[in-house]
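Notes for the structure review
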Amino acid sequence: MRSLIERADAALERVLPPADLAPTELHRAMRYAVLGGGKRLRPLLVYAAGQALGCEGPQLDAPACAVELIHAYSLVHDDLPAMDDDDLRRGRPTCHVAFGEATAILAGDALQALAFELLAAEEKVGAATRVRMLHQLGTACGSAGMAGGQALDLAAVGSTLELTALEHMHACKTGALIRASVHLGALVGGTDDDTLATLDRYAHAVGLAFQVRDDILDVEGATDVIGKTAGKDAAQSKPTFPSIIGLDASRARLDELTTQALDALVPLGAPARLLADLARYAATRAH
Ligand code: IPE
Ligand code: IPE
Ligand code: MG
Ligand code: MG
Ligand code: MG
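At their nearest, the axes of helix α1 (residues 2–15) and helix α4 (residues 61–78) sit 9 Å apart, and the two run at 80 degrees to each other. Relative to α4, α1 is oriented roughly perpendicular. Taken together, the residues of α4 that come into contact with α1 (itself represented by R7, A11, L12, R14 and V15) are D61, C65, E68 and L69. Along the lines of polarity and charge, the residues of the contact of α1 with α4 split into five nonpolar, no polar and four charged.

Right, let's talk about the site of ligand 2 for a bit. Close to ligand 2 lie S74, L75, D78, D84, R89, M146, Q150, K173, T174, Q211, D214 and K228. Here an oxygen atom of ligand 2 sits 2.7 Å away from a polar atom, N or O, in the side chain of R89. Interatomic distance of 2.5 Å between a side-chain N/O atom of K228 and an oxygen atom of ligand 2. Bound to the protein, ligand 2 loses 91% of the 390 Å² it would expose on its own. Counting only elements with at least two residues in the shell around ligand 2, the list comes to α4, α8 (146–155), α9 (163–188) and α10 (193–220). A per-element tally of the shell around ligand 2 places α4 first, with three residues. Split by residue class, the shell around ligand 2 holds two nonpolar, four polar and six charged.

Taken N-terminus to C-terminus, the directions of helix α7 (residues 127–141) and α9 make an angle of 175 degrees; their axes are 9 Å apart at the nearest point. Viewed along their axes, α7 and α9 adopt a mutual orientation that is roughly antiparallel. Across the interface between the two elements, T129, R132, M133, Q136, L137 and A140 of α7 pack against A176, L177, A180, H183, L184, L187 and V188 of α9. Of the residues contributing to the contact of α7 with α9, the split by class is nine nonpolar, three polar and one charged.

With 20 residues, helix α6 (residues 101–120) ought to run about 28 Å at 1.5 Å a step, and its terminal C-alpha atoms sit 29 Å apart, in line with that. Buried within α6 are the following residues: T103, A104, A107, G108, L111, L114, A115, L118 and L119. The buried side chains of α6 occupy one side of the element, clustering within an arc of 145 degrees when seen end-on. Exposed and facing more than 90 degrees away from the buried side of α6 are A102 and E117. Tucked into the core, α6 has its buried residues touching α1, α2 (24–34), α4, α5 (95–99), α7 and α9.

Quick notes on the rules
- Residues numbered from 1 in each chain as written.
- Chains lettered and ligands numbered in written order.
- Predicted model: local features only at pLDDT ≥ 70, side-chain atom pairs only at ≥ 80, totals over all residues.
- Heavy atoms only, no water.
- Axes fitted to C-alpha atoms, helices over the stretch in contact; angles between N-to-C directions.
- Helix = DSSP H or I, 4+ residues; strand = E, 2+ residues; numbered from the N terminus.
- Parallel < 35°, antiparallel > 145°, perpendicular 65-115°, else oblique.
- Contact = heavy atoms within 4.5 Å.
- Nonpolar A, V, L, I, M, F, W, Y, C, P; charged D, E, K, R; others polar.
- Near = heavy atom within 4 Å.
- Polar contact = N/O pair within 3.5 Å; in protein donor to acceptor, adjacent residues only side chain to side chain.
- Areas by Shrake-Rupley, 256 points an atom, 1.4 Å probe, with all protein chains shown as cover.
- Expected span 1.5 Å × (residues − 1).
- Buried < 20%, exposed > 50% of the residue type's maximum accessible area, 1.4 Å probe, protein only.
- Arc of directions from axis to C-beta.

Take it as geometry only, folks, not as evidence of what the structure does.
Following this line, the structure appears as structure tokens:
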């Protein structure tokens, strides 16, 4: 995992505009939002899905960067005063605290655009696969995916949700991009439809599990460990797993989702080992 994180970091460093290129403030903010922190789970899922299909080549680097650029953009916007209003991210001041709101908004916009630009231009991948990747990523980011989930999150502040509505919100705001990460890796790996459906069962469970763990960490984690302000969800009356079903039931749901993810991988055998490790990691991570 460590070597793949280093590979993703090196690829991100290569694709981001240099800090001394104009407009320098925007480029510095983009680099700040992406580099120097982050678990890189989404790039790891791209590499792991490729690996499960016997592909480890450099053609996985562009999709790995694309999903992390989208993720970094989503965090910059998620932290804005109009959204979660957070001042700590990855143990550092959030992008808008460091660069101002206008630059942070533009940095998010530009990171999102860069993700699509990268995928579209990746000539190591055939044109038909590239179009499928662009379609998949666009759907995952949009109103039926991450942005839609964020809208549901904001609309539900201060109210309570049924468990199914909560799971739907989480599946959109966090799950969609995690699913897209697995899909992109699988597409580059030359997946057939059956394998893609198998991987999607895995990815759906991991995507939801990841946000359940995030909600639990907001309650149980310490600010200096999670790198963001602990207890923020309750302070802002966010609909979360612990607030709606309690901590014990949240932990039980997390175990159930992890089992679902691991079971889904059985037909893929040993090459899916890294995917299995990532499912366990998403559920047990300390930050
Ligand atoms: C945090 O994501 C936001 C969620 C979608 C829960 P991560 O926990 O993956 O954040 P980084 O990239 O490691 O900082
Ligand atoms: C963030 O969920 C989801 C996205 C960024 C799309 P949270 O609001 O729970 O993430 P954190 O806790 O601020 O990282
Ligand atoms: Mg949020
Ligand atoms: Mg937030
Ligand atoms: Mg959170």
